[in-house]
Amino acid sequence: MPLPRPSRPPVPGPARPPVPRPSRTRPALLAAGCAALLALTAAVPSAAAPVRPDPAGAGPVVLDWYDVTARTVAATAAPTQITNSRTWAVGWIAAARAAREAPGGGPSRGRFQDAAVASAVHDVLAALAPSRKDDLDTALATTLARIPDGPAEDRGVAAGSRQARAVLAARAGDGLDPASSNAPFPVPPAAPGVWQPTPDGYAPAIQYGNRLGRPFLLERAGQFRPGPPPALDSGRYRADLEEVRAYGAADSTVRTPRQTETANFWYSGSLTLYTDALRVAVARSHGSTADRAALLALFHAASVDTQIATSDAKYTYLRWRPVTAIRTGAIGTDPAWRPLHNTPAHPDYPSGHATYAGAAQAVLDALAGPVTEPFDLTSPTAPGVRRAYAGWDQLTRDNVDARVYSGIHSRSADEVGARLGETVGRYALRHADRLLSGRL
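The structure displayed is predicted, hence computed values, not measured ones. (Residues numbered from 1 in each chain as written. Predicted model: local features only at pLDDT ≥ 70, side-chain atom pairs only at ≥ 80, totals over all residues. Heavy atoms only, no water.)

K.L.:
Give a description of unusual backbone geometry that names residues and reports values.
P.N.:
Leaving glycine aside, a negative phi is the common case for residues, and trans is the common case for peptide bonds. In this structure, the amide linkage connecting Pro-199 to the following residue, Asp-200, adopts the cis form with an omega of -10 degrees. Summarising the element assignment, Asp-200 is placed in the loop between helix H7 (178–181) and helix H8 (235–247). The residue after Tyr-349, namely Pro-350, is reached through a cis peptide bond having omega 0 degrees. Within the element layout of this structure, Pro-350 appears in the loop between helix H12 (322–328) and helix H13 (352–368). Phi angles above zero are rare outside glycine, and Gln-207 is one such case at about 70 degrees. With respect to the element layout, Gln-207 can be found in the loop between H7 and H8. Assessed through its relative accessible area of 28%, Gln-207 is described here as partly exposed. For Leu-318, which is not a glycine, the phi torsion comes out positive at approximately 50 degrees. Looking at the element boundaries, Leu-318 is found in the loop between helix H11 (289–317) and H12. (Helix = DSSP H or I, 4+ residues; strand = E, 2+ residues; numbered from the N terminus. Buried < 20%, exposed > 50% of the residue type's maximum accessible area, 1.4 Å probe, protein only.)

K.L.:
Give me the lowdown on the nonpolar core, citing residues and values where you can.
P.N.:
The tendency in soluble globular proteins is for nonpolar side chains to be buried side by side. By size, the foremost hydrophobic cluster in this structure holds 85 residues, and its most contacted members are Trp-65, Trp-92, Tyr-274 and Leu-435. Sorting elements by how many residues they give to this core places H11 first, with 13 residues. Counting residues in each nonpolar core, the second largest holds seven residues, with Ala-183, Phe-185, Trp-195 and Tyr-315 among its members. (Core = buried A, V, L, I, M, F, W, Y, C linked by side-chain atoms within 4.5 Å.)

K.L.:
How would you summarise the packing of aromatic side chains if you had to cite specific residues and measurements?
P.N.:
Here the structure, examined in full by the defined rule, presents 16 aromatic pairs. Ring plane angle 80 degrees and centroid distance 5.7 Å describe the contact between Tyr-317 and Tyr-349, whose orientation is recorded as edge-to-face. Here Tyr-349 lies in the loop between H12 and H13 and Tyr-317 lies in helix H11, a separation of 32 residues in the sequence. The exposure class assigned to Tyr-317 is partly exposed, which follows from its relative accessible area of 24%. Here Tyr-349 falls in the buried class, since its relative accessible area comes to 3%. Of the aromatic side chains, those joined through ring pairs into one cluster are Phe-265, Trp-266, Tyr-274, Phe-299, Tyr-356, Phe-375, Tyr-389 and Trp-392. Over the aromatic face of Phe-216 sits the side chain of Arg-171, whose NZ or CZ is 3.8 Å from the ring centroid. Above the ring of Phe-265, the side-chain terminus of Arg-387 is found at 5.9 Å from the ring centroid. (Phe/Tyr/Trp six-rings, centres within 6.5 Å; stacked < 30°, edge-to-face > 60°. Lys NZ or Arg CZ within 6 Å of the ring centre and 35° of its normal.)

K.L.:
Can you explain the environment of Ile-308? Please cite residues and give values.
P.N.:
In this fold, Ile-308 is placed in helix H11. Remark: the alpha-carbon pair of Ile-308 and Asn-210, spanning 98 residues in sequence, is separated by 5.1 Å. Filtering out sequence-adjacent residues up to four positions away, Ile-308 remains in contact with Ile-82, Leu-176, Asn-210, Arg-211, Gly-213, Arg-214, Pro-215 and Ala-221. (Contact = heavy atoms within 4.5 Å.)

Given below as structure tokens:
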């Protein structure tokens, strides 16, 4: 399913030239994702029908350990999103690999998979978040108490522990820890179009080191690096800045209450906001325990690789943020202009929220179906607000719009970001077997 192409709201002022956008076809996206995964996921829902909850309630252990992972990451959260995404990825890659070791059919297969998933995620989290060991041990004991004792349970536990050790060892020193992620970045001399620290606070650059981290599946950080941002004197760039100046200002008179709500809602971190959305997809999946573990492994591996690719593009092009451009005269000096939200301390192009959303949509469209029955999300940056969604593309669309309404990104950065994320997500799907079989 093609990523959404949100329409730009009308901006007061002169008419702008139309913005060309590449065409994409739904069959192309689904074929790229699903064809390589048919052997891995036994039941990919039809793209034509909404995903509904599995009446048989398959895979409760996956949901149990999903919640344990979410609780553990929240309690021990690193200051860098990519580090927390790595924790999810390592745990669920180990779980997916262990679940694939299950013997033939019958009850013993399910028992093996359940024990393997619980054991793998437990051991990874205990290693990465040792302060949570008591909670993790209790959760593991609860899971194993529900599995009939016997060889299947014992072999599953052993497989989970073995895969946890293997994945932890393979990812040691991958450069995704907080210190590496926030490696110092020397600010270049001020010049038109070049990123500079932004108000309020003028904090030093963050996430520069992400581009130096080791991906899970990408061959290199710049493998799918997008082309350069629009030229400063182009009609597209002038239109972008006029839109941000009008709709993203703290005191905007044209931004609607609904648009302000969108900006506030999606100002929170991507991993935080997608945790509940991804749980919906897992809960409504018709797949086995192994299939659901594979979905989680691919989602988070793709999200890590997308963050690496985003950092690569950001620090290659070093495009200044809208607040700098507007205040220093790119479209008429407006030194008092303020965005609705504080601008994050890294370059504009492309948007990290949009790339995360694009990767998430690509994986969820392929493995959970592009549409589902409506579900509600909440956000810590919009207390009391509930947003209803019925398709993963709707989350992408809101991400793209939100960063403009926040006054912190150009629409070009958002749209290119969504396409970059989609590309990385599709690549992860095509190479899923390398990730899940341990051939990396």
